[in-house]
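Residue strings, one per chain:
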Amino acid sequence: MSEGIVFNIEELTMHDGDGVRVTVFMKGCPMRCSWCHNPEGLRREPELLYKRIRCASCGACTNIPCSHDECKPFGRCLHVCPNDCLSVAGERYTPERLAKKLNGYKRIFESSGGGVTFSGGEPLMQWDFISEVIDLLDGINVAIETSGYADGEVFKRAIQKLDFIYMDIKLFDPDEHKKHTGCDNELIKRNFLALRASGKPFTIRTPLISGITDTRENLEAIEKFIDGAAWEKLPENKLAGAKYAMLT
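What counts and what doesn't
Residues numbered from 1 in each chain as written. Predicted model: local features only at pLDDT ≥ 70, side-chain atom pairs only at ≥ 80, totals over all residues. Heavy atoms only, no water. Salt bridge = Lys/Arg side-chain N within 4 Å of Asp/Glu carboxyl O. Helix = DSSP H or I, 4+ residues; strand = E, 2+ residues; numbered from the N terminus. Buried < 20%, exposed > 50% of the residue type's maximum accessible area, 1.4 Å probe, protein only. Pairing = 2+ DSSP bridges. Axes fitted to C-alpha atoms, helices over the stretch in contact; angles between N-to-C directions. Parallel < 35°, antiparallel > 145°, perpendicular 65-115°, else oblique. Left-handed = near helix turned anticlockwise from the far one by under 90°. Contact = heavy atoms within 4.5 Å. Nonpolar A, V, L, I, M, F, W, Y, C, P; charged D, E, K, R; others polar.

A. Here's a closer look at the pattern of salt bridges. One pass over the structure, following the stated rule, counts 13 salt bridges. Here lysine 72 ties to aspartate 69 by a salt bridge, and the two come within 3.2 Å at their closest N and O atoms. A salt bridge links lysine 106 to glutamate 110; the nearest nitrogen and oxygen atoms lie 3.8 Å apart. Here glutamate 110 and lysine 106 lie together in helix H3 (residues 106–112), a separation of four residues that amounts to about one turn. The class for glutamate 110 is exposed, based on a relative accessible area of 56%. Salt bridges sharing partners connect three or more residues here, namely Glu3, Glu45 and Arg92.

If you want it as structure tokens, here you go:
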């Protein structure tokens, strides 16, 4: 049975496409951006989040016998903490279960012109699962937020099945891109050209990271490359630092 791993479902969002939307954050990403604001989405498998600042060192999570199946992978009880220090980033879904949940919002989507947006992490890492979910949706508009760093054939199959694509172009210079994301950007550039040729509606996004992506040289190079395509420059999210400390 196919399954996907989701680390967040954000309800009734307004910034991930037209209308009121539900954004599904898929776990796993091949890139390691130095400014990543969803570090809990980098690894593919579910992982423990530990709010150290709340911990009273009582030892209840490790000293009290626990038989919960969901706790076994982490070697401690997730439910016994009196200060609610423990949680898990990453929940397993079947396509049927996730589609049923998303179809429950259909009336809201219809009244607002909204739909579902898949984000991450990098959602194209779980494209086969997402594709199965889309097949089970009841006429719902579907968008994606992607880095564009994906196998070219996967990328082409995905954009043909989606209604709208948000794609990042973070850094144009290949050396700077490798330095700050851990990945070469030639694949991203090729996928952008395929996206533009596809005829599907899309918007390019660039996060404005101080001293890295917001330089005049970088923005001018991206502007020339995308050649008039719709382009959003996103302000830096500086609230993600606390998440890194929670990852065990």
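B. Representation of the sheet that holds strand S10 (residues 231–235) in the model. As summarised here, the arrangement of the eight strands in space is S5-S1-S2-S6-S7-S8-S9-S10, forming an open sheet in which the pairing is mixed. Each edge of the open sheet is held by one strand with a lone partner, namely strand S5 (91–93) and S10. Within this sheet the neighbouring strands show an average axis-to-axis angle of 30°, counted without direction. Bridge count for strand S7 (residues 141–146) against strand S8 (residues 164–168) is four bridges, and the pairing is parallel. Paired with alanine 143 across the bridge in S8 is phenylalanine 164.

C. A look at the packing of helix H5 (residues 152–161) against helix H7 (residues 186–198). Here H5 crosses H7 at 30°, and the two axes come no closer than 10 Å. By the criterion of interaxial angle, the relationship of H5 to H7 is roughly parallel. For the pair H5 and H7, the sense of crossing is right-handed. For the pair formed by H5 and H7, the contact residues are Gly152, Phe155, Lys156, Ile159 and Gln160 on the first element and Leu187, Asn191, Ala194, Leu195 and Ser198 on the second. Partitioning the contact of H5 with H7 into residue classes produces five nonpolar, four polar and one charged.

D. A look at the environment of leucine 171. As for its placement among the helices and strands, leucine 171 is situated in the loop between S8 and helix H6 (174–181). Along the backbone, leucine 171 and isoleucine 222 are 51 residues apart, and their C-alpha atoms lie at a distance of 7.5 Å. Apart from residues lying up to four places away in sequence, leucine 171 is in contact with Trp35, Glu176, His177, His180, Asn185, Ile212, Thr213, Asn218 and Ile222.

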